[in-house]
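Working through the structure, step by step
The primary structure of each chain is shown beneath.
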Amino acid sequence: MREPTFLILTSLAAAPQHGYGIMTDVDRISGGRVVLRAGTLYAALDRLTRDGLITAGREEAVDGRLRRYYVISDEGKRRLAAEVARLRRNTEVAATRLGLSGGPA
Amino acid sequence: MTRSSELSDRYRRLLRWYPADHRADHEEEMLGVLLAAARPGQVRPALRDSADLILGGLRVRAAHTVAAADGTGWRDALAVTGVLLPLVMSLGAVRLALLWRFPGYGVSVSPPNMAWDVRFAQTHPDWSDWAAWPLVAVVALLGARRLAGVGAVAALIWWAVIAAQQYVRYDKAGAIVSVWWPLLAVLAIAGLFAGPGPRRGLTVLGRSKTLLMAVGMLLATATVTILPVGAVGAERVFVIRTWAVPAAALAAMLAACSPVGRRLLALLSAPATAIVIMQETSAPGLYPSYSPVDPVTTLFLMLPICVTVFVTAALALDPAERMLRNPRRENRPGRPPVDRPTPWGG
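In this report, we go over the structure that sits alongside the text.

Rules used in this analysis
Residues numbered from 1 in each chain as written. Chains lettered and ligands numbered in written order. Predicted model: local features only at pLDDT ≥ 70, side-chain atom pairs only at ≥ 80, totals over all residues. Heavy atoms only, no water. Contact = heavy atoms within 4.5 Å. Buried area = accessible area lost by both parts, 1.4 Å probe. Salt bridge = Lys/Arg side-chain N within 4 Å of Asp/Glu carboxyl O. Polar contact = N/O pair within 3.5 Å; in protein donor to acceptor, adjacent residues only side chain to side chain. Helix = DSSP H or I, 4+ residues; strand = E, 2+ residues; numbered from the N terminus. Buried < 20%, exposed > 50% of the residue type's maximum accessible area, 1.4 Å probe, protein only. Axes fitted to C-alpha atoms, helices over the stretch in contact; angles between N-to-C directions. Parallel < 35°, antiparallel > 145°, perpendicular 65-115°, else oblique. Nonpolar A, V, L, I, M, F, W, Y, C, P; charged D, E, K, R; others polar. Expected span 1.5 Å × (residues − 1).

**Thoughts on the interface of chain B and chain A**
- The partner chain A presents 15 residues to the 25 residues of chain B that form the contact.
- Taking both partners together, chain B and chain A bury about 1700 Å²; carbon and sulfur atoms supply 55% of that area.
- The interface formed by chain B and chain A includes three salt bridges.
- Two residues, Arg 37 of chain A and Asp 49 of chain B, come together in a salt bridge whose shortest N-O distance is 3.0 Å.
- At the junction of chain B with chain A, the criterion picks out 11 residue pairs in polar contact (both at pLDDT 80 or more).
- Of all the elements in the fold, those that place two or more residues in the side of chain B that touches chain A are helix H1 (3–15), helix H2 (20–37) and helix H3 (47–69) of chain B.
- Here the side of chain B that touches chain A takes 13 residues from H2 of chain B, the largest share from any one element.

Set out below in structure tokens:
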């Protein structure tokens, strides 16, 4: 799973978000390291929707502009959890080999 | 015009890079996001935002095109190439073996007037590359598509080795003149590895039509390549234009009656273009080695043209079908009509 996908799913794991909310949340989660622009974000949302990992939820109008909320699906949660487990395993091995977590150096 | 509406209009122009159905669903929403992220007083999109929107639009277009291919007959057309082209290659192998064993009409004419593949049959140093194709066709029909695909790739690589030796050692034009058949081999390999596979192709096309089309394609290529025998200059051009071109046009019109047939024609447009270019560049000497254009130059000019013809045909097909089906709806904004492919004959 590529990092923008991981961050978008992570952003939606807590609560449904609209496009601008996802952009600002991803910026916050990554500590400003990953800046999602609208083109990249909506290409990813389009792909994730087609893959069934997210769905488009409720809509509202704010200042005359449409705002659509995206919701992570059960399949999206399962894929995100699998990715977290994979990253955690890799991280633990790396930390152990570097002697960062009290394991054998 | 206010600064905000000026910026909004510029973003809207950039959003035209996205497909119409995506714009219908997301344009207002994306515009809201873009304006929310804009700096105070900003009147022009930043260069990075513009590039990001253009690339995003192209990515969404590409993804939609691939997704749409599932429902418009492209996969079935690829499946048909997986069963049809190994058969064409097998019949071609038998034909060339017969020409080699019984040269007949090709022997008495001097090389400039000799049919391409008659000369090819007489000068080709090794038949092992063609010999694999009947085996590939049988294995493909038995359902072992991957194994058949590996055999086809091996035959293609072996052809390249033989043709390279032929080019370097003694017959430059002979090595390049029949380059249309490796293009058929590439399509056959695509049909064997990608898409639903040759057994689906056989179901779509039907056994009798598959055999009929394979024989028809073989006769079409054989006719074009035999034509130079004994026919020179204006006579040759006359024969091609009054017989071969109308016959090919009729076959293409029959195939174009179905969505899968139209896509098959688009796929075959690349090798067909190669045959036409080889014919035309061979004039007036009837064989590329007698043409003012060097064979390798011809090859490197021909390949991009073949690819361009195929890409143009493939990209134009879906919009052209939608326009022909319902020209007035095409101009309306919103989601385009969904293609529902009919079977081969429908």
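**Notes on the pattern of salt bridges**
Residue and element names in this part refer to chain A.
- Inspection of the entire model under this criterion finds 17 salt bridges over all chains.
- With a closest N to O distance of 4.0 Å, Glu 75 and Arg 79 form a salt bridge. In this pair, Glu 75 and Arg 79 are both assigned in helix H4 (residues 74–98), four residues apart and thus about one turn of the helix distant.
- Residue classification places Glu 75 among the partly exposed residues on the basis of a relative accessible area of 30%.

**Describing the packing of helix H1 (residues 3–14) of chain A against helix H2 (residues 19–29) of chain A**
Residue and element names in this part refer to chain A.
- Axis separation between H1 and H2 bottoms out at 9 Å; the angle between their running directions is 105 degrees. The angle between H1 and H2 falls in the class roughly perpendicular. Of the residues in H2, those touching H1 at Leu 7, Ile 8, Thr 10, Ser 11 and Leu 12 are Ile 22, Asp 25, Val 26 and Ile 29.
- In the contact of H1 with H2, the residues fall into six nonpolar, two polar and one charged.

**Focus: helix H7 (residues 145–169) of chain B**
- Along its 25 residues, H7 of chain B runs 36 Å from first to last C-alpha, staying within 8% of the 36 Å computed at 1.5 Å per residue.
- Every buried residue of H7 of chain B is listed here: Arg 145, Ala 148, Gly 149, Ala 152, Ala 155, Leu 156, Trp 159, Ile 162, Ala 163 and Gln 166 of chain B.

**What about H1 of chain A?**
Residues and elements named next belong to chain A.
- Along its 12 residues, H1 runs 17 Å from first to last C-alpha, staying within 8% of the 16 Å computed at 1.5 Å per residue.
- Listed in full, the buried residues belonging to H1 are Thr 5, Phe 6, Leu 7, Ile 8, Leu 9, Ser 11 and Leu 12.
- Looking at the packing, one finds that the buried side of H1 touches strand S1 (17–18), H2, helix H3 (38–50), strand S2 (54–62), strand S3 (65–72) and H4.

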